[in-house]
Amino acid sequence: MTVTIYHNPGCGTSRNALELLRASGEDPVVIEYLKSPPTREKLVSLLAAMEMSPRALLRERGTPYGELGLSDPKWTDEQLTDFMMAHPILINRPIVETPAGTRLCRPSEAVLDLLDNPVATFTKEDGEVVAYDRDRS
């Protein structure tokens, strides 16, 4: 299995996760999910792999979340998935799939737990330095 990142190049967290993958020696498959959204089946599969509900994956900021009234608990998981299919910007990112698991990588350094050879230090684009020690994580 290869490493795949569901990526939004306009998102700093997503860019940092992608660079962390590359700095760790990975050559991930990059899916710009706003241009090429996952199928419903794939989205459901990603949610299952992350053991996450659709509501937990919803992104609020910069999306139609508010105008669609998605904070209302009346929406079922199936309906929330339908909204994400209709409006992929509602899918929080980045989602990374590796042989070790699938995870919403927020913060971006969460991706390091999914890698065989994670980089020990990394400087994010905002200047924050991430020091990673698998034994302490």
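A. Quick look at helix α1 (residues 12–23). The end-to-end C-alpha distance of α1, which contains twelve residues, comes to 16 Å, matching closely the 16 Å that a straight helix rising 1.5 Å per residue would cover. Along α1, the positions that sit buried rather than exposed are Ser14, Asn16, Ala17, Leu18, Leu20 and Leu21. Considering only its buried residues, α1 is in contact with β1 (4–7), β2 (29–32), β3 (95–98) and β5 (121–123). Once α1 ends, the next one or two residues include Gly25, with phi positive near 90°.

B. Here's a closer look at the side chain of Thr81. Following the sequence through the fold, Thr81 ends up in helix α4 (residues 77–86). Taking the relative accessible area as the measure of exposure, Thr81 reaches 3% and is therefore buried. Beyond its immediate sequence surroundings of up to four residues, Thr81 is in contact with Arg40, Leu43, Val44, Leu47 and Pro54.

C. Region of interest: the sheet that holds β1. Strand order in the open sheet formed by four strands is β2-β1-β3-β4, and the pairing between neighbours is mixed. The two strands at the open ends of the sheet, each matched to only one other strand, are β2 and β4 (101–104). Mean inter-strand twist for the sheet, computed between neighbouring axes without regard to direction, equals 15°. Sheet topology note: the β1/β3 ladder contains three bridges and is antiparallel. If you follow Ile5 over to β3, its bridge partner there is Val96. Contacting β1, β2 and β3, α1 crosses the sheet at an angle of about 160° to β1. Against the sheet, helix α2 (residues 40–50) touches β1, β3 and β4, its axis set at about 95° to β4.

D. Structural view of the environment of Gly101. For Gly101, the position within the fold is in strand β4. Along the backbone, Gly101 and Ala86 are 15 residues apart, and their C-alpha atoms lie at a distance of 26 Å. Not counting residues within four places of it along the chain, the set of residues in contact with Gly101 comprises Val96 and Leu114.

E. Looking closely at the packing of α2 against α4. At a closest axis distance of 10 Å, the pairing of α2 and α4 adopts a crossing angle of 120°. In terms of orientation, α2 and α4 fall into the oblique class. For the crossing formed where α2 meets α4, the hand is right-handed. The segment α2 lies against α4, with Arg40, Leu43, Val44 and Leu47 engaging Glu78, Thr81, Asp82, Met84 and Met85.

F. The arrangement of the pattern of salt bridges in detail. A full pass over the atoms with the stated rule returns eight salt bridges. With its nearest N and O atoms 3.4 Å apart, the salt bridge here joins Lys35 to Glu32. Residue classification places Glu32 among the partly exposed residues on the basis of a relative accessible area of 29%. For Lys42, the salt bridge goes to Glu97, with nearest N and O atoms at 3.0 Å. Note that Lys42 is positioned in helix α2 and Glu97 in strand β3, a separation of 55 residues in sequence. Classification of Lys42 as partly exposed rests on a relative accessible area of 26%. One connected set of salt bridges, linked through shared partners, spans Glu109, Lys124 and Glu128.

Rules and cut-offs
- Residues numbered from 1 in each chain as written.
- Predicted model: local features only at pLDDT ≥ 70, side-chain atom pairs only at ≥ 80, totals over all residues.
- Heavy atoms only, no water.
- Helix = DSSP H or I, 4+ residues; strand = E, 2+ residues; numbered from the N terminus.
- Expected span 1.5 Å × (residues − 1).
- Buried < 20%, exposed > 50% of the residue type's maximum accessible area, 1.4 Å probe, protein only.
- Contact = heavy atoms within 4.5 Å.
- Pairing = 2+ DSSP bridges.
- Axes fitted to C-alpha atoms, helices over the stretch in contact; angles between N-to-C directions.
- Parallel < 35°, antiparallel > 145°, perpendicular 65-115°, else oblique.
- Left-handed = near helix turned anticlockwise from the far one by under 90°.
- Salt bridge = Lys/Arg side-chain N within 4 Å of Asp/Glu carboxyl O.

It is worth stressing that arrangement in space is one thing and function is another; only the former is reported here.
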